[in-house]
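Breakdown of the fold
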Amino acid sequence: MADLKTKLNDESVEGFLNKIDSEQRRADALEIMKIMEEATGQPSKMWGSGIVGYGSYHYKYDSGHEGDMCKIGFSPRKQTFALYGFLGIDKKEEYLQKLGKHKTSGSCLHLGKLSDTDKAVLKKMAKEAFKNMTKKYG
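Only a predicted model underlies this, so the values are computations on that prediction, with no experimental measurement involved.

Conventions used here
Residues numbered from 1 in each chain as written. Predicted model: local features only at pLDDT ≥ 70, side-chain atom pairs only at ≥ 80, totals over all residues. Heavy atoms only, no water. Helix = DSSP H or I, 4+ residues; strand = E, 2+ residues; numbered from the N terminus. Rg over C-alpha atoms; globule rule 2.2 N^0.38 Å. Buried < 20%, exposed > 50% of the residue type's maximum accessible area, 1.4 Å probe, protein only. Contact = heavy atoms within 4.5 Å. Core = buried A, V, L, I, M, F, W, Y, C linked by side-chain atoms within 4.5 Å. Salt bridge = Lys/Arg side-chain N within 4 Å of Asp/Glu carboxyl O. Expected span 1.5 Å × (residues − 1). Polar contact = N/O pair within 3.5 Å; in protein donor to acceptor, adjacent residues only side chain to side chain. Phe/Tyr/Trp six-rings, centres within 6.5 Å; stacked < 30°, edge-to-face > 60°. Lys NZ or Arg CZ within 6 Å of the ring centre and 35° of its normal.

1. With respect to the overall build of the chain
Tallying secondary structure elements over the chain gives four helices and nine strands in all. Starting at the N terminus and ending at the C terminus, the chain contains elements arranged as β-α-α-β-β-β-β-β-β-α-β-β-α. Over its C-alpha atoms the chain spans a radius of gyration of 15 Å, differing by no more than 12% from the 14 Å that the globule rule assigns to 138 residues. The C-alpha extent of the chain, read off along each of the three principal axes, is 40 × 35 × 25 Å. Counting every position in the chain, which comprises 138 residues, the buried fraction comes to 41%. Counting contacts in the chain only where the partners sit at least 6 residues apart, residues at least 24 apart contribute 49% of the total.

2. Section: the environment of Ile35
For Ile35, the position within the fold is in helix α2 (residues 23–40). Sequence-wise, Ile35 and Leu8 are 27 residues apart; in three dimensions their C-alpha atoms are separated by 20 Å.

3. Some thoughts on the nonpolar core
With 31 residues, the main nonpolar core has Phe74, Phe86, Leu109 and Met125 as its most contacted residues. Those elements that place two or more of their residues in this core are α1 (13–17), α2, β3 (51–54), β6 (72–76), β7 (81–84), α3 (92–99), β9 (108–111) and α4 (119–137).

4. Points about unusual backbone geometry
Phi at Lys91 takes a positive value of approximately 60°, unusual for a residue other than glycine. Within the secondary structure layout, Lys91 lies in the loop between β7 and α3.

5. Things to note about the pattern of salt bridges
Tallied over the entire structure, the rule returns four salt bridges. One salt bridge in this structure joins Lys92 and Glu93, with 4.0 Å as the shortest N-O distance. Here Glu94 and Lys98 are joined by a salt bridge, their closest N and O atoms 3.7 Å apart. With Glu94 and Lys98 both in helix α3, this residue pair falls four residues apart, about one helical turn.

6. Considerations on α4
With 19 residues, α4 extends 27 Å from end C-alpha to end C-alpha; this agrees with the ideal 27 Å at 1.5 Å per step. Its side-chain oxygen 3.0 Å from the backbone nitrogen of Ala120, Asp118 forms the N-cap of α4. Backbone geometry just after α4 places Gly138 at a positive phi near 90°.

7. Some details on the packing of aromatic side chains
Inspection of every chain in the model, using the stated rule, returns three aromatic pairs. Where Tyr59 meets Tyr61, the ring centres are 5.1 Å apart and the plane angle is 35°; that geometry is what we call tilted. In this structure an aromatic cluster arises from ring pairing among Tyr57, Tyr59, Tyr61 and Tyr137. Sitting above the plane of the Phe81 ring, Arg25 keeps its charged end 4.1 Å from the centroid.

Set out below in structure tokens:
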């Protein structure tokens, strides 16, 4: 079985985010980090080379594949911020209607500019998503 690339590591989250070329995207990423730390009560940690995550859980598939992953997290992609773990919450549609500009694909929520996002709704979604994952996985 292949070794997992997305593992918790000791790389600096702020160092990673400070490498973002665009000053506005860098500021948005640092603000998302702050929102998620406040919502979860967890410190930001690097998962692999490109995901900032909060908390952790262990999974095991029927196939036997298993590993550890962050309960929720985000990645500053070129075009959007991909947020993980946000779409499995109760009242998802209600939150998404209030969130502002966004897209969804698979299990990811994608945000463009943070100025197009209701930050209070984002924080509520992060709290709910983290609580949901904690209830499900401990």
